[in-house]
Structures are given as C-alpha cells and as structure tokens.
Amino acid sequence: MRQRVFATGVLALGAVLVTDVLRVWLPGIITIFGQAASTPAELMGAFALGWFVLALAAPPLIPRVGARPVTVGAAVLLAAARFALTATPGGRPQLWLATTGLLAGLVWLAGTAATTDRPVPGLALGLAVGAAGHAVVDTYDLVWWGRWEAWVASGVLVALFLAGHAPRPAPPGVAGVRAWFLAGPALLLAGMVALSPALARTATSYLQGEAGVAVSPVLGSLPLPVAVAGFLAVALAAAARPFSAAVARVRWLGGPLALLAGAVLLALDRGSLLLPALLLSALGLGACLALAAAAPAAAAPPAAEPPAAARSAAEPSGDRAASRRAYAATAGMLVFAVAAVAYYSAYDLGYPNGWVPVAVAVLVAAVALAAGRADVSPARSAGPARPAVRAPLPPVRTTAAVTVLALLAPVVADDVPVTSNREGPPSHLTVVAYNIRMGFGLDGRLDPDALADLVSRRTPDVVLLSEVDRGWLLNGGHDTLDLLADRLHMAYVFAPAADPLWGDAVLSRWPVTAPRTLPLPAVGAPTGAQALAVTLDLGDGVRPAVVGTHLQPPPGRQPVVQARAVADFARRYAAGRPLVVAGDLNTEPGDAAFAEFTRAGLVDALAAARPLPTSPADRPSEQIDHVFVTPGVTAAGAVAPGGTASDHLPVAVTLTLPPT
C-alpha cells in the first residue's frame, strides 16, 4: 500500500508537469512556429501531431530497454525541461525546449503506464491539483513569472517528482488499459471545460453581465473549487467502498450522461451556458474515470506469493498487459492532439468545431460504460456486492485538501473591479486601442506586465482590446483580460466573437452602462467578429458612446461589409451623443472599408499623426488600427507607443468632448 501511495503521488506530480509544459508548447505553435499567422494552418497542425505520433515509438522500446530505465530517463528530461522553461527568454529556444519536455512527458507516461495498473487516483489528483494551482496563480503560469518565487516553486515541484522515482514500483497487475487510454481525452476535456479556471471566471462574468456580454465579476473563480471538489470526490470514491447494484447502475449511466451534457452545452457557444457546462463536465469526467478504474479495482490482489512456476506462466501475460497499457497511454494522448488540432484549426480553416468536444465526450463515455459494465451485469446484480479495495489515497481528506487549495483562488487571485465618478465630467478622455494577440509577445512569451506598461504610458480612461483570449486551451488556458484588467486597475466589459472565450473588450476607469454586442457577418472569414458598444457615465449627464471591434476580412478581400455594419450600428447606438469607434479594423486609410466609416460621418482621430503604422510591431508598416470620432470631438496627441508585447502596436489619442 505504501508503494501505491508513492506511485499515486508521483503520477499526480507528473501530470502537473506535463500540463505545465503543454501550456507553453501549445501557444508556441501559433506564436513562434506559426510566425504570426504567416504559416499555413495545415503545417502547424502537422507539426503538432508529429510529436505525438513520434511518441508511439516508446511502447515497443520499453520491452527492449526496460520500463524503469525508460521511465526514469524520461522523467529526468521532463523535469529538466520544465525547470529550464522558467528561464527561457522566448523565441525558438522556448519552442524547442517545450517540445523536448512534451516528448519526454509522453515517453514518461508510456513508461509509467507499463508499471502502473491503477492510474486513476494519480491522474485525477494531478488534474485537480494542476487546476487548483493554476487558479491560485490567476492563470499566469510560473514559467512566465521570471521571479525568485517561480524558481523556488518550480524547483520544489521537479525535485519531488524526481525523488519519487527512487523506489522501485510494485509489480503491477494486468488491468488498467482503459484507464490509461482515457488519460489524453481526460486532459483535453479538463483543460477545455471541466477544470478550467479561466472558463470558470468567464462563466461567472457572463452570469453577472447582460445582453450577451460579460463584465468584471465578483468572486469570479468561485465555481472552480466546486468543480474540483465534485470531480475529485467522484473519481476517488469509486474504490473506497462497495456500491449496491442500484447505486452502481445510476453511477454507470449518470456519469457518462453528465459528461455528454456538459460537452453539448459547451458546443452551443453561449456564455450563459458555460457554468453548467463546467459543473456537469467535471462531475461526468470524474465519474467516467472512476468507471474506467472499475476493472482493476474489482480484482483483489493475491493473498500470498504464487509459486515460481505460476509466476513464470504469468509473466508473458504481465508483459502483454504492460505493453498494452503503454500503447493505450500514447494512443490516448494522440487523441488529445488530434482533437485539439481539429477544434482550434477551425478558426483558421472555417468549419464547424462544436462536434469535437462532443465526440471526445462520447469516446470517454463509451470506454467508461464498457469498463463499468461488470458492476451492472445481471450476475453482478444477483450476486454479492463488489468488495471494497483499499484506496491509495483517503478520498474525503484528499478531496478536502485540494478543494481548500482551489478556494484560495477567489481570495488571492480575484481583484474587486473599481470604477468611480470623479468631480464632474473630465476635461478630456484618453483612449487606447490595442490588438493584444491573446497576451503573447513577438518572442512567444505571455507577458501581461509588458502589455500593461504599453497601455498605461498615456494613463488611459478607456482601453479597447482586440484578440482577447479568456481560456482557450490552445493558448495555455489563461484569462488575458483578467490579467490585464488587474494590472490596469480597470473594470471591463467583454463580448464574444469566435466563441464565448475569444473576442473583444472595453476597459474603463468610469462606470459603463447599456452594453450591447452585434455579431458581424462573416462574409467568408473563418474567425467570427462582433462590435461591442458601451456608454460611459462621466457624470452631470455626459454619456459618450464607445464602440470597440476587430474586423475580420475574408482572405484577400477588404472588410467592407463588416465596416458598414459597425458604422451603422455605432451611429444608431450613439443616437446623437458623442461617439468613439476604435479597434483593429484591418483596413488602411484610403481603402474601401476605411471609407465606410467616413461615409457614415465619422472623423479619423489619428489623421494629424499620419502615417501611424501599427503592424507588425517590430517593423510597423501597415496602418490598420484606428480611432474614429463624431464631429465636435477634438483629437490631439495621437501616438503608437513602440513595443513587442503583441504583434501590433497600440494607438493612443486624447479626446475632448464637445460642450453640453
């Protein structure tokens, strides 16, 4: 039992390390290998899938070299890569170091699978601890910090992981194939929805918003501890005590159905459905993992050491089981890669992707139902209850401890948004528009501090953001908007564009009212677009309108139709009040789409500073980020501060409103 507890802890730590590496490697495909969307999506997908296919060489290697040398060697390489990522300056060294860590992690999983027949407690604990820890650090991974705290925490994590490989593992049984196969799909569903801290906060912000938009939430991380508690309690409780036939039948059907329901709600792409999607997916995923563990749990260990002849006869069977588990683990991670590529490539290639999480949930449910069928079979119902098998971890105490960790997030990571009316309307407003590329700079590093520094150079009153990511697993599962809003000490309003987690936002030092969002016609563009309108309450009845957008033109064409829709929507919303329209408009002065705004009676607020190129950030040559205002609003001091915290430069301008 002591060995099983040790093995469970090591597996949990390894799951945390693999997840950490993936949060660096996945966005690196887009920001470093993809080179700011200049690389075809098909090539990026092939690069991503290739490493998971290469990992299929590990299972046949294990019988030749031995499971322990392969596992220990891969563990050392994984730990070294994870630790070194804390110091990587970005760029290609970061990408290749993360790739090395990923491949080592996949080989380590295969080696661990060969020697572990009951992986569910360790996998479940690792997923839950990883989610809770990610919430406590406000979804800003330690690898990006660059501070001594990150070095200490990373060092402790990898040291404990490596120390856990010193004892030799106990001889495994012949089960565990189904459970190991589910490791990859479970990692995908946990990162996308079931245990995503960023999605939990985004779900809360939609519930506290109105008209289909999200706002700065109070206690936004609170759903995450609930999801973690439900997931871990269900996943660990299966082996803790026997179930009656009736309870087993409910568990057998209820878990898969809950997981499917959560995946369907996620696929509907509605912000108001994110919270039930999170909670149902967490419970369903935990239940399915528990069902997958049913086979090894049901097989009681031998009472005494078998004779030598019996051991010799059993060894071929054990070798086959070890090989099957190793193949199952690598195949499951390949499912992770294929599903992730299929889901997120849709935003480049333009096909429906809601079926992907549903298909993965169906796969997990089918495997879980097959594994748990023995508990609800007629023979099982008529016979005695399945005997309890002592769990390697105390389920109640383990769940309580991880839940307490997750409960720190609302206290430590959630700032209270503050807006206030000062004495009378301000004499002027400073407006900044910035395409932040999901928070990643040209070096491929997530750096919200650098973003905040560029934005705050002009002490803005209003900030309009484009390409805001609030939890895409592809980009590391962080909430860019919350990270930036906390650093700017500004409240936000967010509107979805591609899906409920990706869109545009308006941050303001002043109270905002009457938010509205208008989905824009796609006209052949694969990524969705919208226009977000809010009203600033500046006091004394001064209430200018602000509209933020990110036009997404179809390949090789101008976003004329979208520009016309935004201009018409903005003028109707303002209804004669002062109006500001800003964002990444993907059009240059003199283009047909640019003319749609001037035709609607709007004025180029950056005209006095032209040319004012903003893209690409390191060699700006294109003027595609703009601010328009209604006549009577005076613009001055337009600038585009230099920096590489994104692939665009921000534009900033000071506006003076007409007298009321």
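Before any of the text, the structure's been laid out above.
These figures come from a predicted structure and were not determined experimentally.

Draft legend 1. Main features of the nonpolar core. Grouped together as the largest cluster of nonpolar side chains are 156 residues, with contacts concentrated most on W25, F231 and L507. Excluding anything up to four places from it in sequence, W25 contacts F47, A48, W51, F52, L95, A98, T99 and L102.

Draft legend 2. The pattern of salt bridges, seen in detail. All chains considered together, the criterion is met by 16 salt bridges. With a shortest N-O distance of 3.1 Å, D20 and R82 are connected by a salt bridge. Taken as a pair, D20 in helix α1 (residues 2–33) and R82 in helix α4 (residues 67–84) lie far apart in primary sequence, 62 residues in all. One exposure class covers both D20 and R82, and it is buried. With its nearest N and O atoms 3.0 Å apart, the salt bridge here joins D479 to R470. For D479, a relative accessible area of 0% corresponds to the buried category. A residue is classified by how much of its surface remains accessible, and R470, at 0% relative accessible area, is buried.

Draft legend 3. Seen up close, the packing of helix α11 (residues 223–237) against helix α13 (residues 274–292). It is at 7 Å that the axes of α11 and α13 come closest, and there the two elements cross at 20°. It follows that α11 is roughly parallel to α13 by the angle criterion. Regarding α11 and α13, the two cross each other, and that crossing is right-handed. In contact with P223, V226, A227, G230, F231, V234 and A235 of α11, α13 contributes L275, L278, L279, A282, L283, L285, G286, A287, L289 and A290.

Draft legend 4. Structural view of the sheet that holds strand β9 (residues 579–584). The strand order across the open sheet formed by 6 strands is β6-β7-β8-β9-β11-β10, and the pairing between neighbours is mixed. Both edges of this open sheet fall to β6 (512–519) and β10 (603–604), since each of them pairs with a single strand only. Examined bridge by bridge, strand β8 (residues 545–550) and β9 share 6 bridges and lie parallel to one another. Among the inter-strand pairings, T549 is bridged to a residue of β9, identified as G583. Relative to the sheet, helix α22 (residues 592–599) contacts β9, β10 and β11 (625–629), its axis offset from that of β11 by approximately 15°.

Draft legend 5. A look at the sheet that holds strand β5 (residues 502–508). Taken in spatial order, the 7 strands line up as β1-β4-β5-β3-β2-β13-β12 in an open sheet, and their pairing is mixed. Single-partner strands in this sheet number two, and they are β1 (214–215) and β12 (634–639). Across 4 bridges, the pairing between β12 and strand β13 (residues 651–656) is antiparallel. Looking at β13, one finds that T634 is bridged to T656. Sheet strands touched by helix α20 (residues 480–488): β3 (462–469), β4 (491–499) and β5. Its angle to β3, the strand with the most contacts, is close to 155°.

The rules behind these values
Residues numbered from 1 in each chain as written. Predicted model: local features only at pLDDT ≥ 70, side-chain atom pairs only at ≥ 80, totals over all residues. Heavy atoms only, no water. Core = buried A, V, L, I, M, F, W, Y, C linked by side-chain atoms within 4.5 Å. Buried < 20%, exposed > 50% of the residue type's maximum accessible area, 1.4 Å probe, protein only. Contact = heavy atoms within 4.5 Å. Salt bridge = Lys/Arg side-chain N within 4 Å of Asp/Glu carboxyl O. Helix = DSSP H or I, 4+ residues; strand = E, 2+ residues; numbered from the N terminus. Axes fitted to C-alpha atoms, helices over the stretch in contact; angles between N-to-C directions. Parallel < 35°, antiparallel > 145°, perpendicular 65-115°, else oblique. Left-handed = near helix turned anticlockwise from the far one by under 90°. Pairing = 2+ DSSP bridges.

In short, shape yes, function no, at least from these values alone.
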